Amino acid sequence: ILRYIENQYFFNILPLAVSKNYFQNREFSFTLKDGIYVRYQSFATQNELEKEMQKMVPYKIDIGAVYSHRPSQHNTVKSGTFQALEKELVFDIDMTDYDDVRRCCSYTDCWKCWTLMTIAIRILDRALLKDFGFHHLLWVYSGRRGLHCWVCDDAARKLSVVARSAVAEYLSLVKGGEETVRKVVLSDPIHPFINHSLSVVEHYFQQYAIVDQDILGSKESVDKVLALLPEDILSFPDEKDPMKQWDQLCDLVERKKVKYFDKEIMLQYCYPRLDINVRKGVNHLLKSPFSVHPKTGRISVPIDLKELNMFDPFEVPTISLICEELERPRADEAEEDDMKDQENEQEAGERRRIRDYKRTSLAKYAKVFDPFLEAMARSRKGEMLKKSDLQKDF
Amino acid sequence: MQFLGRRKKLIGNFQNDLYDQCLQFYGQPPLENISLSEFESFAVERLKLLKTVENVGVSCVKNSERYTKKLDAEISSLNFPHRAELGGISEYEKRRKDHISHFILRLAYCQTEDLRRWFIQQEMDLFRYRFNCLHSKHKTDFLHKNNLKYETVSAEEKKNLKDKLIASSYGLSGTKVEEHDVYKVPFQDALDLVRTRKVYLLAGNAYIPHHEIVTIVLNDFRTRLSKALAVSNKIGAHHLHGEMNVVNFKGRHY
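What you see is a predicted model, and the numbers here were worked out from it, not measured in a lab.

Rules of the game
- Residues numbered from 1 in each chain as written.
- Chains lettered and ligands numbered in written order.
- Predicted model: local features only at pLDDT ≥ 70, side-chain atom pairs only at ≥ 80, totals over all residues.
- Heavy atoms only, no water.
- Salt bridge = Lys/Arg side-chain N within 4 Å of Asp/Glu carboxyl O.
- Helix = DSSP H or I, 4+ residues; strand = E, 2+ residues; numbered from the N terminus.
- Buried < 20%, exposed > 50% of the residue type's maximum accessible area, 1.4 Å probe, protein only.
- Domains from an automatic or database assignment.
- Contact = heavy atoms within 4.5 Å.
- Buried area = accessible area lost by both parts, 1.4 Å probe.
- Polar contact = N/O pair within 3.5 Å; in protein donor to acceptor, adjacent residues only side chain to side chain.
- Nonpolar A, V, L, I, M, F, W, Y, C, P; charged D, E, K, R; others polar.
- Axes fitted to C-alpha atoms, helices over the stretch in contact; angles between N-to-C directions.
- Parallel < 35°, antiparallel > 145°, perpendicular 65-115°, else oblique.

Attention shifts here to the pattern of salt bridges. All names here are of chain B. Here the structure, examined in full by the defined rule, presents 31 salt bridges over all chains. When the shortest N-O distance is used, the salt bridge between Arg96 and Glu93 registers 3.4 Å. Of this pair, Arg96 and Glu93 both sit in helix H4 (residues 88-109), three residues apart, roughly one helical turn. We classify Glu93 as partly exposed; its relative accessible area is 35%. A salt bridge links Arg117 to Asp114; the nearest nitrogen and oxygen atoms lie 3.7 Å apart. Of this pair, Arg117 and Asp114 both sit in helix H5 (residues 113-133), three residues apart, which is roughly one turn of the helix.

What follows is the structure, given as structure tokens:
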């Protein structure tokens, strides 16, 4: 079974790893069968990585930073000189961070709260592209109840720890831990970023919060909402229909001129909560795309933003499904096999692997991944041409 | 002899370029030889100036009329470059003095944390004052000459973004946007404003109103000066420790 993981992984992920320059100085970590975690793995070529994967059969592979020296030799390097040089900017969004505002499930998966992830993608994707000017973003389903965002631009890889933290702060609106009741506070003037975010949240709020999460459905949850309102609003307008209740509440807020309380509530219930990990900066490792989630068996697949509203985490293929699909007879390809017999073994092996994953449900996710890689390759070509142009001037 | 003559000319040209602006970041140390008396008088006068900067900063509100008047007067009387972009020999001399005296004081003030802190604070206040006195065009020239990729935003773009700019920056009104410059800066150079979301971001650039650009430039100035002092300290300002001049003026500081 695991052999198949490697094959898919090898084909899909390696181009990504290689396209992030300086492959031999890139840190990987393996999580092995017994939970053993091995850091500072590095490889000179893709082949080396593949061989090691086949040998150690890791359950999980994480990707870390590009260092100044080969990570596997970090112990031989003079202390203080082994340093992380570059690392993609990553965001990690986890459903558990929303526990205080969700009622649908605790530690099981359900479909009602996935909207939160949709909202997160819409808000953060827009901001990273339009506000920060990044181009190469990859959104990956974490395999269970969250998302990862990989920002792979050169500029992003070179961001300092301070800069990463500033970006994360800019994108944060929900602040405070358990002790904080009112986690979102808005005041004039409202920054354009907040306005954009509000329009996304408003689009989903009624269906998600009022209907699916039913936040006005029980005394307990109503009290939670009331706790976010100014003290003189002691109860919700008397109305059977929760949608109407909410509308009337918004009117009340406007009439009383207690600005923004309704917007703050919407943001507190829906706005993306970024995991603190992004602040850990350059040393941190994140699970590689296309790896398998240990608890659910689902593959961490890239998410197609064009079909975002239709993404269903429960339809993401599991490793057992993939293996099943691979076991199916490949009668139709026997002919091709014969033809290609003359080619060298490695190419044939690769071709087989290509055919392999295309026969599985992973094919459609690879279709999201490929354009992403192509775009990065194009932009790197552009950069190199620019550089060589400059050099030609001399 | 010919060789010497040419060398002098070269240096002269280089320094002409160096002194074509009233204000500088003090990136290049002076290359000429000067007399011991010039060395002393330059240093003493700059020290006087910095002390005035300190006193005036304490006794008046920074950038108030009183502050401006007092500092203007001191700068003039000590013959340091003033706000006016006058050409000519006397201006050149003032700028040369500004340049050389700064570097002399660096040597004296790099040696302990306390001295460095004091020196950096006063130099920053002086820099801020002089930067604010520059005309808008000279400000942009200064930024470009020092490789700070800060472009001013065109009037048309300002108009298109006016509402967004007002909504993002504290204390910015419609008239201010129209009348004053707005600068476009890579967001990595404006992290404090980004972190607190006090600036408008578009395509990786922060749109910074005039009154905030000084903060950004000052941060840059402080970073450069800090680094330079650390280097001076390492390299061997201590070699001068025995020298009379330096000991003398440290004495005068206290």
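Back to the write-up after that little detour.
Residues and elements named next belong to chain A. Domains assigned within chain A are domain 1 (1-171 + 274-329 + 342-391) and domain 2 (192-270). Of the residues lining the interface, 21 residues belong to domain 1; the matching set on domain 2 comes to 18 residues. Across the interface of domain 1 and domain 2, roughly 1,700 Å² is buried in total on both sides, 60% from carbon and sulfur atoms. Looking only at domain 1, the three residues that lose the most surface to domain 2 are Val101, Arg103 and Ile119, adding up to 36% of its buried area. The tally of links between domain 1 and domain 2 comes to zero salt bridges. In this structure, the connection of domain 1 to domain 2 is made through two residue pairs in polar contact (both at pLDDT 80 or more). Among the elements that take part in the side of domain 1 that touches domain 2, helix H3 (residues 114-131) stands out by supplying nine residues, more than any other. Across the side of domain 1 that touches domain 2, the residue classes tally to eleven nonpolar, three polar and seven charged.

Another point: the packing of helix H8 (residues 242-255) of chain A against helix H9 (residues 261-270) of chain A. For any two helices packed against each other, one specifies the crossing angle of their axes together with the interaxial distance. Residues and elements named next belong to chain A. At their nearest, the axes of H8 and H9 sit 8 Å apart, and the two run at 135° to each other. Considered as vectors, H8 and H9 are oriented oblique to each other. Here Trp246, Cys250 and Val253 of H8 lie close against H9, whose contacting residues are Phe261, Asp262, Ile265 and Met266. Here the contact of H8 with H9 is built from residues that sort into six nonpolar, no polar and one charged.

Right, let's talk about the packing of H5 of chain B against helix H6 (residues 136-145) of chain B for a bit. All names here are of chain B. In contact at an axis separation of 8 Å, H5 and H6 are set at 125° when each is read in the N-to-C sense. Considered as vectors, H5 and H6 are oriented oblique to each other. Residues Phe127, Phe131 and Asn132 of H5 lie in contact with H6, whose contacting residues are Lys139, Phe142 and Leu143.

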